[in-house]
Amino acid sequence: MDESSTLESASLTEQLVLLGLVELNHRGRTPAQPHELRKTCCTQLPSDGDGVVGSVSEADVMRSLYQLEANDLVAEETPDTTSPTGKGRPYYSLAIETESILEAVDDQSPLEDVVDELRES
């Protein structure tokens, strides 16, 4: 499967995780740990409660990251050092161009507003 079709077949949660990484990348905060990514994803959720995505747990983010990594859309990076608080947990970054992600999110998606905001930033 090529990159475009892989992106188009991504679940809504996987799309949200990718958009979270795009936002963190724009802010120069990648690679990022899953808990940081979850916070970003929660702020991106539509506030009117479209009912499609109610909330995102860290487990949802992790499952999405595993799938996205298997599809070569994100890259896992192991830290050089470990600390008692980080415990050597992996960091994640985008493995593809941000524009590819923004173009792949369907116009009918409830995440369309998130894409618009990311393009404006």
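The structure this text deals with has already been given above.
These numbers were taken from a predicted model, which means no experiment stands behind them.

Draft legend 1. Representation of the pattern of salt bridges. Scanning all chains against the criterion turns up four salt bridges. For glutamate 23, the salt bridge is made with arginine 27, and the minimal N-O distance between the two is 2.6 Å. For glutamate 23, a relative accessible area of 19% translates into the label buried. Of the charged contacts, one joins aspartate 60 and arginine 63 as a salt bridge, the two residues approaching to 2.6 Å between their closest N and O atoms. Of this pair, aspartate 60 and arginine 63 both sit in helix H4 (residues 58-70), separated by three residues, roughly a single helical turn. On the basis of relative accessible area, aspartate 60 is assigned to the partly exposed category, the value being 22%. Look at arginine 63 and you get exposed, because its relative accessible area is 51%.

Draft legend 2. How the structure looks around the state of the cysteines. The full count for this structure, using the stated rule, is zero disulfides. Looking at cysteine 41, it has no disulfide partner, and the nearest cysteine sulfur is the one in cysteine 42, 7.0 Å off. The class for cysteine 41 is buried, based on a relative accessible area of 0%. By relative accessible area, cysteine 42 is classed as partly exposed at 30%.

Draft legend 3. Here's a closer look at a negative patch on the surface. A cluster of acidic side chains, namely Glu112, Asp113, Asp116, Glu117 and Glu120, defines a negative patch on the protein surface. Take glutamate 112: it is sitting in helix H6 (residues 112-120).

Draft legend 4. A look at unusual backbone geometry. With omega at 5°, the peptide bond leading from threonine 30 into proline 31 counts as cis. Along the chain, proline 31 turns up in the loop between helix H2 (12-26) and helix H3 (34-44). Phi at aspartate 72 is positive, roughly 60°, even though this residue is not glycine. Topologically, aspartate 72 is positioned in the loop between H4 and strand S1 (74-77). Accessibility expressed as a relative area gives 57% for aspartate 72, which makes it exposed.

Draft legend 5. A look at the packing of H2 against H3. The geometry of H2 relative to H3 is characterised by a closest axis approach of 9 Å and an angle of 105° between their N-to-C directions. Looking at the two axes, H2 sits roughly perpendicular to H3. Contacts between H2 and H3 pair Leu16, Val17, Leu19, Gly20, Leu21, Glu23 and Leu24 from the former with Glu36, Leu37, Thr40, Cys41 and Gln44 from the latter. Among the residues forming the contact of H2 with H3, the class breakdown is seven nonpolar, three polar and two charged.

Draft legend 6. Representation of H6. Within H6 the residues assigned to the buried category are Val114, Val115 and Leu118. Down the axis of H6, the sector holding all buried residues measures 100°, keeping them to one side. Along H6, the residues that are exposed and aim more than 90 degrees away from the buried face are Asp113, Glu117 and Glu120. In the core, the buried residues of H6 are packed alongside H2, H3 and helix H5 (98-104).

Calculation notes
- For every chain, the first residue of the written sequence is number 1, and numbering continues from 1 along that sequence.
- A pLDDT threshold of at least 70 governs which residues receive local features in this predicted model, and a stricter bar of 80 or more applies before side-chain atom pairs are shown or counted, although totals over entire chains, interfaces and linings include all residues.
- The basis for every side-chain value is the complete set of heavy atoms in the structure, and neither hydrogens nor water enter the calculation.
- By salt bridge we mean one thing: a side-chain nitrogen of Lys or Arg within 4 Å of a carboxyl oxygen of Asp or Glu.
- For every residue, the accessible area (1.4 Å probe, protein chains only) is compared with the maximum for its type, and the residue is labelled buried under 20%, exposed over 50%, or partly exposed between those bounds.
- Numbered from the N terminus, helices here are DSSP runs of H or I no shorter than four residues, and strands are runs of E no shorter than two.
- For this text, the term disulfide refers to a pair of cysteine sulfurs within 2.5 Å.
- Only residues whose relative accessible area exceeds 30% and that form no salt bridge enter a patch; like-charged residues are grouped when within 9 Å of one another, and nonpolar side chains (Val, Leu, Ile, Met, Phe, Trp, Tyr) when within 5 Å.
- Throughout, the Shrake-Rupley method with a 1.4 Å probe supplies accessible areas, and for residues the shown protein chains are the sole cover considered.
- In this charge count, Lys and Arg are treated as positive and Asp and Glu as negative; neither His nor the chain ends contribute.
- Each charge is placed at NZ for Lys, CZ for Arg, CG for Asp and CD for Glu.
- Whenever a helix is involved, its axis is fitted only over the stretch in contact; in every case the axis is a line through C-alpha atoms, and angles between N-to-C directions fall within 0 to 180 degrees.
- Comment on the angle field: the value is read as roughly parallel under 35 degrees, roughly antiparallel over 145, roughly perpendicular from 65 to 115, and oblique elsewhere.
- In this analysis, two residues are considered to be in contact whenever any of their non-hydrogen atoms come within 4.5 Å of each other.
- Gly is put with the polar residues, along with every residue not named as nonpolar or charged; the nonpolar set is Ala, Val, Leu, Ile, Met, Phe, Trp, Tyr, Cys and Pro, and the charged set is Asp, Glu, Lys and Arg.
- Here the arc refers to the directions that run from the helix axis out to each C-beta atom.

From the geometry alone we can't say anything about function, so treat these as descriptive.
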